[in-house]
Amino acid sequence: MNKLSGKNFGRLQYQKLMRRLCSGDVLVIKAEPLSVESFDEAREGGARIVYAVGSGWRIVPVGETGNEGTVLREVFQGQLSDYEFVPANVVRMRVKYQYSNTGGLAGIDAAAPGIVEAEARLEKTSGKYELEFPLPEVKGFRVVLAPAPLNKYLVTQPTGNETAEELREMLERGDFSVDIANHSVYAYQEKHGIDSAPDYTILSETYGNRYSTEYNRVWNDARILQTEDYTAQAYCGSDTHAGHEIGNHGANALVKPKLKVTLTEEQLKNALENGLNINVSYRRNATWYTVNHWVPKDLSGLTEDELQNRKIKEENGVPYVLLNTENLQGRVGGLTRAAAKTEGVYTLLAPLVFNQKLIENRVSNDGVIGTVVDIYYRAADSYRVIFDTDYTYIPRQQVPLGEYVKFAGMAEPQRKGYTFAGWQYLNQGAQPDENGEYDETAYTPLEKDGSGVYTLKITSELLTQNAKLQETAGVLALHLYPRWEPNTTQITVILWTEDLDGLTDVQAKVTGGTSEYYTEKYKPFQDPVTSKEPQLGSVGSNSNYSNVGSFTMTVDTDSSLEGTPDGDRKSLREDIQAQVTEHFKTSARDINGTDASQFYAQYGF
């Protein structure tokens, strides 16, 4: 506060202040008028005048002109004679603060955009100019300048062309979760291997967090942005936590974040003239949440000894046991993606209605990770049975546990060329081959009762131990498949031989004697023997070939010309070839005691 009296605010001070105000060094941003009542009997009064530094100048205490600068236009308080004004390389920056496009808030400002003016100071060591200013802190989010290095670690990288709705769907699908199947993201993976069981108690010795050294370094890269106009780096303004060193914060959130902008002399010249545009992104913190699966005690399948080590609680008069717990990853502020289990004992159960929750970044006092979703189960009313025929539609059935599938009166499926030979189901644990097919041994055929009707009882053992259930429209179902036995059919094999023309199939060679005479006489027969290739599959157009015989053989309707790759079934080609040689020898006949078939070589079929 400045006293407005001749004793402590003389003519010299007043003239100095006026010069500053007129030159624009100082701007008055608050000055309330004085009234007569503001003065005392000694004719003295007081007033509070607030000043701000003018554009293009900086204010420093007298004698400290060489000290490092700060963001300009800050309000100061005190005697004007205590400060002096020096010119500054003032850079005007237009800064936008936006949420990243991988957190469900794409296109929304994390903080109001603003204009920042700061002085660029020459750093003698590097020969470049530097300036810095504080960044807004947004709870649950981390500062990112270059998202590309981090996006490489996501399950699916955004292309930058998605709509806001598409980005939201990708987030809910888990596309923006870190891909721990293909990347070493966590410290436990770094220590025990990428496929090791999760253990989030293992922390990085360097960074004090649960991420791997590799992933922490990727976060360092994401906080540096190099453009044609400047190089920017976000860093921590506090040194009270692990990883606070400039350029080595890792995946830790920045405390009191700041942005340092570095400029070459040419970049500074452009920045002073045109200013800078800087975008700062805020990325949701990644975290884990817990999903608990509570099963009625009587349906858990656990023994009394096993129940001793389980959590048990009562809800609406029903005792539940905590059968399974999952730790899943997600983004703070996003929704959980909890799902009811459908394997093992859960095939006998149906989940009660449950709600997804907003993910919070916290760990409870009892060590439970983050947000908790509890899923409760009850006994299923019935179980779906689907008749998977592909050829004949048979309505599916809902069969209560302990009852039988109704086969009586059911029409048998039909398939051309085959005979229906019964029903079968896939065995639990059966795996398809590379073509998605199952071997015959992967199925268990159903038996018939005394009246000749197929029988199958829906039991706990069948659903949890014997049969492989499959999901259809989000519901687990027991699929029954028809067994087919191929009918037989006949094929005819026709044998063709090349016709002899007495010219292209004869070659004369003359040796000794009057060779000149015979050479001339048999000149048309000196060329090597040639054959006319048949057109396979075009019987009617082979004018140079004659039918010398045929034979008929019986084959299964599902016979394959080439057989199966594993050699389990012999090819139809092999079956035919086995009979061709013998039938051709018989058809060609002997000529004057000579086997005519020896003069032919098989071309193909």
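Residues numbered from 1 in each chain as written. Predicted model: local features only at pLDDT ≥ 70, side-chain atom pairs only at ≥ 80, totals over all residues. Heavy atoms only, no water.

## Looking at the overall build of the protein
Item 1. Along the backbone of the protein there are 10 helices and 33 strands.
Item 2. Across the 605 residues in the protein, those meeting the buried criterion constitute 36%.
Item 3. Counted over contacts in the protein with a minimum sequence separation of 6, partners at least 24 positions apart contribute 65%.
Item 4. For the protein, the exposed area adds up to about 36200 Å²; of that, 47% sits on carbon and sulfur atoms. (Helix = DSSP H or I, 4+ residues; strand = E, 2+ residues; numbered from the N terminus. Buried < 20%, exposed > 50% of the residue type's maximum accessible area, 1.4 Å probe, protein only. Contact = heavy atoms within 4.5 Å. Areas by Shrake-Rupley, 256 points an atom, 1.4 Å probe, with all protein chains shown as cover.)

## Regarding the sheet that holds strand 10 (residues 121–123)
Item 1. Spatially, the five strands line up as an open sheet ordered 10-11-15-14-13, and their pairing is antiparallel. Each edge of the open sheet carries a strand with a single partner, namely strand 10 and strand 13 (224–226). The sheet shows a mean angle of 25° between the axes of neighbouring strands, direction not considered.
Item 2. By the bridge criterion, five bridges tie strand 14 (residues 231–235) to strand 15 (residues 258–263) in an arrangement that is antiparallel. Residue alanine 234 lies in a different strand from strand 15, and its bridge partner there is leucine 259.
Item 3. Those strands touched by helix 6 (residues 265–274) are strand 11 (128–134) and strand 15, and its axis lies near 110° from that of strand 15. (Pairing = 2+ DSSP bridges. Axes fitted to C-alpha atoms, helices over the stretch in contact; angles between N-to-C directions.)

## Some details on the pairing of strand 19 (residues 318–331)
Item 1. One ladder, built from 11 bridges, connects strand 17 (residues 286–296) with strand 19; its direction is antiparallel. Within the sheet, the bridge partner assigned to threonine 287 lies in strand 19 and is glycine 330.
Item 2. Judged from the four bridges that link them, strand 18 (residues 312–315) and strand 19 form a sheet pairing that is antiparallel. Paired with glutamate 315 across the two strands is valine 318, which belongs to strand 19.
Item 3. Taken together, strand 18 and the strand that follows it, strand 19, pair antiparallel across an intervening segment of two residues, in which asparagine 316 is found at a positive phi of about 55°.

## Let's talk about the confidence of the model for the protein
Item 1. Averaged over every residue, the pLDDT of the protein is 80; residues scoring 70 or more account for 81%.
Item 2. When the elements of the protein are averaged for pLDDT, strand 1 (residues 2–3) gives the smallest value, 38, and strand 25 (residues 443–445) the largest, 96.
Item 3. Of the regions scoring below 50 in pLDDT, residues 1–14 engages in 19 contacts with residues more than four places distant in sequence or in other chains.
Item 4. In this model, residues 65–73 is a region of pLDDT below 50 whose contacts with residues beyond four sequence positions or in other chains number 31 contacts. (pLDDT = per-residue confidence, 0-100.)

## Section: the packing of aromatic side chains
Item 1. Throughout the structure, instances matching the rule amount to 17 aromatic pairs.
Item 2. Seen from their ring centres, phenylalanine 407 and tyrosine 454 are 6.4 Å apart, and the 65° between their planes marks the pair as edge-to-face. With phenylalanine 407 in the loop between strand 23 (397–399) and strand 24 (418–426) and tyrosine 454 in strand 27 (residues 454–455), this residue pair connects regions lying 47 residues apart in the sequence.
Item 3. A connected cluster of aromatic rings, assembled from ring pairs, spans Phe387, Tyr391, Phe407, Phe420, Trp423, Tyr454 and Trp484.
Item 4. Positioned above the aromatic ring of tryptophan 294 is the side chain of lysine 313, whose terminal nitrogen or guanidinium carbon lies 4.4 Å from the ring centre.
Item 5. Above the ring of tyrosine 418, the side-chain terminus of arginine 415 is found at 3.9 Å from the ring centroid. (Phe/Tyr/Trp six-rings, centres within 6.5 Å; stacked < 30°, edge-to-face > 60°. Lys NZ or Arg CZ within 6 Å of the ring centre and 35° of its normal.)

## A word on helix 3 (residues 164–173)
Item 1. The complete set of buried residues in helix 3 reads Leu167, Met170 and Leu171. Buried residues of helix 3 fall within an arc of 100° about the axis and therefore sit on the same side.
Item 2. Tucked into the core, helix 3 has its buried residues touching strand 19.
Item 3. Of the residues trailing helix 3, glycine 174 is marked for its positive phi of about 90°. (Arc of directions from axis to C-beta.)

## Digging into the sheet that holds strand 16 (residues 276–284)
Item 1. Taken together, four strands build an open sheet; the order of strands is 9-8-16-12 and the sheet is mixed. For this open sheet the edge positions go to strand 9 (109–119) and strand 12 (141–144), each flanked by a neighbour on one side alone. Recorded for the sheet is a direction-independent mean angle of 25° between the axes of neighbouring strands.
Item 2. Where strand 12 lies against strand 16, four bridges are found, and the strand directions are antiparallel. The residue bridging phenylalanine 141 from the neighbouring strand is arginine 284, located in strand 16.
Item 3. Most of the contacts of helix 6 go to strand 8 (residues 90–99), to which it runs at about 80°, and overall it touches strand 8 and strand 16.

## Regarding the pattern of salt bridges
Item 1. This structure, assessed with the given rule, holds seven salt bridges.
Item 2. The closest approach of N and O atoms between arginine 92 and glutamate 117, which form a salt bridge, is 3.0 Å. Note that arginine 92 is positioned in strand 8 and glutamate 117 in strand 9, a separation of 25 residues in sequence.
Item 3. Given a relative accessible area of 42%, arginine 92 falls into the partly exposed group.
Item 4. A relative accessible area of 12% means that glutamate 117 is categorised as buried.
Item 5. Its salt-bridge partner being glutamate 315, residue lysine 313 comes within 3.9 Å of it at the nearest N-O pair.
Item 6. A relative accessible area of 27% places lysine 313 in the partly exposed class. (Salt bridge = Lys/Arg side-chain N within 4 Å of Asp/Glu carboxyl O.)

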